[in-house]
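# Report on the structure
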Amino acid sequence: MNLRLSTGPHYLHRESTQTLMLDVIIALVPTTAAGIYLFGSKAAWVLAVAVASAVICEYIFQKLAKRPVRIMDLSAVVTGLILGLNLPAEAPLWLPAVGSAFAIIIVKELFGGIGHNFLNPALLARGVLLASWPARMSVYFMPTRVLGITSAVPAGPDAVSSATALLRPQGYEVYDLLMGNIPGTIGEVCKIAILIGFLYMLFVGTIKWHIPVIFVGTVALMTWLLGGDPLKAVLSGGLLFGAVFMATDYVTNPMLTIGQIIFAVGCGILVTVIRMTKAYPEGVTYAILLMNIATPLIDKMTSRRVYGTVKKHA
Amino acid sequence: MRLSFKGGIHPLKELHEGKDKSMHKPIKELVPEKVAIQVDMHVGAPSQPIVKKGDQVKVGQVIATAVGNLGIPVHASISGAVTAVTNRQMLGKKASAIIEITSDGQDEWVELHPLGDVETVPADKIIQQVKDAGICGLGGACFPTHVKMSPADDKKIDTIIINGSECETFLTADHQLMLEEPERIVNGTRAIMRAMNVKTGVIAIEDNKMDAVKTMTDAASGREGVSVVVLKTKYPQGSEKNLIKAVTKREVPSGGLPCDCGVAVFNVGTAAAVADAIMEGKPLVKRITTVTGCVKEPSNLKVRIGTSFQDAIDFAGGFTEEPGKIFAGGSMTGIAAPNTDVCISKANNGIVVLNKKDSVVKSPTGCIRCGRCIDACPIMLNPQKLKELCDAGDLAGAKKRYIMECCACGACSYVCPAKLELSASFKEAKDKITARGV
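Residues numbered from 1 in each chain as written. Chains lettered and ligands numbered in written order. Predicted model: local features only at pLDDT ≥ 70, side-chain atom pairs only at ≥ 80, totals over all residues. Heavy atoms only, no water.

## Considerations on the overall build of chain A
Put simply, the test is: Starting at the N terminus, helices and strands are each numbered in turn, a helix being any DSSP run of H or I of at least four residues and a strand any DSSP run of E of at least two. Partly exposed residues are those whose accessible area sits between 20% and 50% of the maximum for their type, while under 20% is buried and over 50% is exposed, using a 1.4 Å probe and protein chains only. Contacts are residue-level and defined by heavy atoms, with any inter-residue pair within 4.5 Å sufficient. Using the Shrake-Rupley algorithm and a 1.4 Å probe, accessible areas are obtained, with residue cover drawn only from the displayed protein chains.
In terms of helices and strands, chain A carries 14 helices and zero strands. Listed N to C, the secondary structure of chain A is α-α-α-α-α-α-α-α-α-α-α-α-α-α in terms of helices and strands. Relative to its full complement of 314 residues, chain A shows a buried share of 56%. Contacts spanning at least 24 positions in sequence make up 72% of the contacts within chain A whose residues lie at least 6 apart. Carbon and sulfur atoms make up 70% of the accessible area of chain A, which totals about 13100 Å².

As structure tokens, then:
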């Protein structure tokens, strides 16, 4: 009889990195479906290229670097999908390809692979695309569905009366903001779909409520204090998508709940400030990235009292 | 209201903690043909064998005497001839000194010296009787019970907790004991309370054993100072520090013992053994052990100390399929057995057989900082950070972050989606820190 010897625990929880990533993908299904419904097949192509590029780049890099190939953990799929959802449907297909390659190779793998990147790969890739090709990245189109055009014909210039819905949220009804009948990136427009994904992740325990709720709540509160419309501020731009799917990235936010609260409040303040000063049409990407950078510091400065001890360890 | 503590997990929730198979199986007694009794079962110096090959012994006869302050004697668990006094590989790291006895089939006891009823026996005689009976903590720690019952003069104990939480997966031995023999547990509780001059005795049981709550409440009714509390089903509820927090809201100070916060904790099985020692004069020669997993008839066995795993498994009907791993205890902290010749010690509350498929160890991947280990830690440590420090060899840093407080419950390893061996690393680091005096 050949018995295996190992230390306990001898049974582990069923959850693995792969199942967690799968749950995020499931949570992104409503948003993905809404994006494709609203923007048509162009959106589907952008998403497909983003995901394929992310997975292929990860595979090639890990092969070349002689690391174990871990594409089956699905984290590259999540990165690619989130990046794709952050792009305009009219983006040329080289944009998602380059973006995903940057996210995976530069931001993730060169920093040591999964878990070692200090910035969210999809976010930084979006930030880099935004800075490199601002004209292609910050011009948003009205969903083709709204214009009554079902083919993938590029929307005419009159469809883009402003760069983003954010600059004129007063121009849209709350219903349209919720349903996604506004210009924006593929994933950010349909708030209902994002909320369904959020509830799914809460229900299966993928994420906790703190970061999204406090992030969005801070934006609402600050906007109200500064005389804006909190509801429209919450429903405009990439705030909900960012708060639910990007600020909650485990790797790049603090470990302790108290740290996550600080992180979320920081994100909320930065978004409001960037939006108010109109330095960029949309502040969510840079706000989260800045708080990603602050995460090691927050982790260092927060602690909790260990059982049986009196003094806090700083 | 269900008492509880912060942190912790609910392991194998989808399998009812793995307890279904053996739950409510009546206790069956197993008297084996041969036993191999370790003399180093308890915490403290191993006992000194006083028999040699060829000696005839009766059940309950002392075969090894206590050594040192923490020492307790060891007794023959079957009657017959001593067939070997030697060293043999058991569950410990190194081979253990054992005394092997082959049965004469008589199961004849030595003359017993009961003290009498727990309510009337002189309180000052109880502790010596407990020591002479070779009783140590039957929950798994095997700390000598008489030592726990004799705290230093400056430690004032006001509460005794009798631990019936049985939070470990797969085990149902304590549960069945509470169902079948609640009187023994309550008698033992009263004996301990009287010996330690403590007015409050609390029997703590998790809410997945409400039938045991009822039997224990009935048995405790009318008994002075004894009450039953219900705990939330959560792991590691039965770990001393967490149990004390849940029941009394107190915390054992860092580096201290339960007596430093006025509490002493005893397992229900230990309490029952104390009752036997006082009322019947019987030393600890048997205990209840759950045998479950891939065996034909998962059971709760009353086994003699020194029964081999093979005998216990055969008594439970044998394997249902080829075993891949066998461990002593529950799946969270159980110790894997190298073979089935190892024997049941006083600490051994369960034998769990896994098949080949469930024995596969998943290889670890990278930490994704999900924070599940932090939520799981019942001691409020930061396992993620500690693992980083341990991997980097920074033992001083780990110590500064209270790694020595880790209770090795394994909750962090259980929840880790990257399958990192967190608690195993911490145990290794703690051993190194102790050995090198970092």
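## Focus on the interface of chain B and chain A
The condition that has to hold: Throughout, the accessible surface (probe 1.4 Å) given up by two parts as they are put together, summed over both, is called the buried area. For this analysis, a salt bridge means a side-chain nitrogen from Lys or Arg found within 4 Å of a carboxyl oxygen belonging to Asp or Glu.
At the junction of the two partners, chain B supplies 65 residues and chain A supplies 40 residues. The junction of chain B with chain A conceals about 4600 Å² of combined surface from both sides, 56% of it contributed by carbon and sulfur atoms. A per-residue breakdown of the area chain B buries against chain A is headed by Ile368, Arg369 and Arg372 of chain B, which together make up 16% of the total. Viewed at the interface, chain A and chain B are joined by five salt bridges. As a salt-bridge pair, Lys208 of chain A and Asp375 of chain B come within 2.9 Å of each other at their nearest N and O atoms.

## Looking at the domain arrangement of chain B
One frequently used descriptor of interface size is the decrease in accessible area upon assembly of the parts. Let me state the cut-off plainly: A domain assignment, automatic or from a database, supplies the domain bounds used here.
In terms of domains, chain B is made up of domain 1 (32-112 + 283-355), domain 2 (114-279) and domain 3 (372-436). Relative to domain 3 of chain B, the C-alpha centre of domain 1 of chain B lies at a distance of 32 Å.

## Brief notes about unusual backbone geometry
A cis geometry characterises the amide bond from Gly8 of chain A onward to Pro9 of chain A, with omega recorded as -5°. With respect to the helices, strands and loops of the structure, Pro9 of chain A is situated in the segment before helix H1 (17-39). Pro236 of chain B follows Tyr235 of chain B through a cis peptide bond whose omega is -5°. Topologically, Pro236 of chain B is positioned in the loop between strand S11 (226-231) and helix H6 (240-248). If you check the backbone angles, Glu17 of chain B has positive phi at about 60° while not being a glycine. Turning to its location among the elements, Glu17 of chain B is positioned in the segment before strand S1 (27-30). If you check the backbone angles, Cys142 of chain B has positive phi at about 60° while not being a glycine. By the secondary structure assignment, Cys142 of chain B is in the loop between helix H1 (123-132) and helix H2 (145-148). Residue Cys142 of chain B is classed as buried on the basis of its relative accessible area of 2%.

## What to know about helix H9 (residues 191-204) of chain A
Residues and elements named next belong to chain A. Worth spelling out the cut-off: Multiplying 1.5 Å by the helix residue count minus one yields the expected span of that helix. Each C-beta atom gives one direction from the helix axis, and the arc is the one those directions make.
Across its 14 residues, H9 extends 20 Å between first and last C-alpha, which sits within 8% of the 20 Å expected from 1.5 Å per residue. The complete set of buried residues in H9 reads Lys191, Ala193, Ile194, Gly197, Phe198 and Met201. Down the axis, H9 shows its buried residues gathered within 160° of arc, on one side only. Opposite the buried face of H9, by more than 90 degrees, sit the exposed residues Leu199 and Phe203.

## Notes on the packing of helix H10 (residues 210-225) of chain A against helix H13 (residues 257-277) of chain A
Residue and element names in this part refer to chain A. Counted only if it meets this: Where helices are involved, their axes are fitted lines through C-alpha atoms of the stretch in contact, as for all axes, and angles between N-to-C directions lie from 0 to 180°. When the near helix sits turned anticlockwise from the far one by under a right angle, the crossing is termed left-handed; a clockwise turn instead gives a right-handed crossing. Charged means Asp, Glu, Lys or Arg here, nonpolar means Ala, Val, Leu, Ile, Met, Phe, Trp, Tyr, Cys or Pro, and polar covers whatever is left, Gly included.
Two numbers describe how H10 lies on H13: the axes approach to 8 Å, and their chain directions differ by 35°. You can see that H10 and H13 cross each other, and the crossing is right-handed. Residue composition of the contact of H10 with H13, grouped by class: 13 nonpolar, seven polar and one charged.

## Points about the confidence of the model for chain B
Put simply, the rule reads: The pLDDT score gives, residue by residue, the confidence of the prediction method on a 0 to 100 scale.
Taken over all residues, the pLDDT of chain B has a mean of 95, while the share at 70 or more is 100%. Our summary of model confidence lists the complex with pTM equal to 0.91 and ipTM equal to 0.88.

## Brief notes about the packing of aromatic side chains
Convention followed: When two rings of Phe, Tyr or Trp (its six-membered ring) have centres within 6.5 Å they constitute a pair, described as stacked for plane angles under 30 degrees, edge-to-face for angles over 60, and tilted for the intermediate range. The criterion is that NZ of a Lys, or CZ of an Arg, lies within 6 Å of the ring centre and within 35 degrees of the ring normal, and then a charge sits over that ring.
A complete count under the given rule lists five aromatic pairs over all chains for this structure. With a centroid separation of 5.4 Å and an interplanar angle of 65°, the aromatic rings of Phe111 of chain A and Phe118 of chain A are classed as edge-to-face. With relative accessibility at 35%, the residue Phe118 of chain A sits in the partly exposed group. Between Phe241 of chain A and Phe245 of chain A, the ring centres sit 5.2 Å apart and the planes meet at 45°, which makes this aromatic pair tilted. On the criterion of helical spacing, the pair formed by Phe241 of chain A and Phe245 of chain A is a turn pair, its members being four residues apart in helix H12 (residues 239-246). Here Phe241 of chain A falls in the buried class, since its relative accessible area comes to 1%. Connected via pairs of aromatic rings, a cluster forms that spans Tyr11 of chain A together with Phe170 and Phe327 of chain B. Geometry around Phe266 of chain B places Lys148 of chain B over its ring, the cationic atom sitting 5.5 Å from the centre. Taking the ring centre of Phe5 of chain B as reference, the NZ or CZ of Lys234 of chain B above it sits at 4.6 Å.

## Considerations on the packing of helix H4 (residues 182-196) of chain B against helix H7 (residues 268-279) of chain B
All names here are of chain B. Condition: To sort the angles, those under 35 degrees are grouped as roughly parallel, those over 145 as roughly antiparallel, those from 65 to 115 as roughly perpendicular, and the leftovers as oblique.
Between H4 and H7, the least distance of the axes is 7 Å, while the angle of their chain directions is 75°. Comparing the axis directions of H4 and H7 gives the class roughly perpendicular. Residues Arg184, Ile185, Asn187, Gly188, Thr189, Ala191 and Ile192 of H4 form the contact with H7, whose own contacting residues are Val268, Ala271, Ala272, Ala273, Val274, Ala275, Asp276, Ile278 and Met279. Looking at the contact of H4 with H7 residue by residue, the classes come out as eleven nonpolar, three polar and two charged.

## Topic: the environment of Ala411 of chain B
All names here are of chain B. With respect to the secondary-structure elements, Ala411 resides in helix H12 (residues 411-415). For Ala411, a relative accessible area of 0% gives the class buried. In this structure, the C-alpha to C-alpha distance between Ala411 and Gly262, residues 149 residues apart in sequence, is 27 Å. Among residues more than four places away in sequence, those in contact with Ala411 are Ile9, Tyr235, Met332 and Ala376.

## What about H1 of chain A?
Residue and element names in this part refer to chain A. Condition: By definition, a residue's bend is the angle between the axes fitted to the seven residues ending there and the seven starting there.
When the terminal C-alpha atoms of H1 are compared, their 32 Å separation across 23 residues agrees well with the 33 Å that a helix rising 1.5 Å per residue should span. Leu28 marks where H1 bends most, by close to 35°; the proline Pro30 follows one to four residues later. Once H1 ends, the next one or two residues include Gly40, with phi positive near 85°.

## So, the side chain of Asn355 of chain B
Residues and elements named next belong to chain B. Put simply, the test is: What qualifies as a polar contact is a pair of N or O atoms within 3.5 Å, subject to a donor-acceptor requirement within protein and to the restriction that residues adjacent in sequence count only when both atoms come from side chains.
Relative to the helices and strands, Asn355 is located in strand S17 (residues 350-355). A polar atom in the side chain of Asn355 sits 3.3 Å from the side chain of Glu321. A distance of 3.2 Å separates a polar atom in the side chain of Asn355 from the backbone nitrogen of Lys357. Look past the residues within four positions of Asn355 in its chain and what remains in contact with it is Cys294, Glu321, Glu322 and Gly324.

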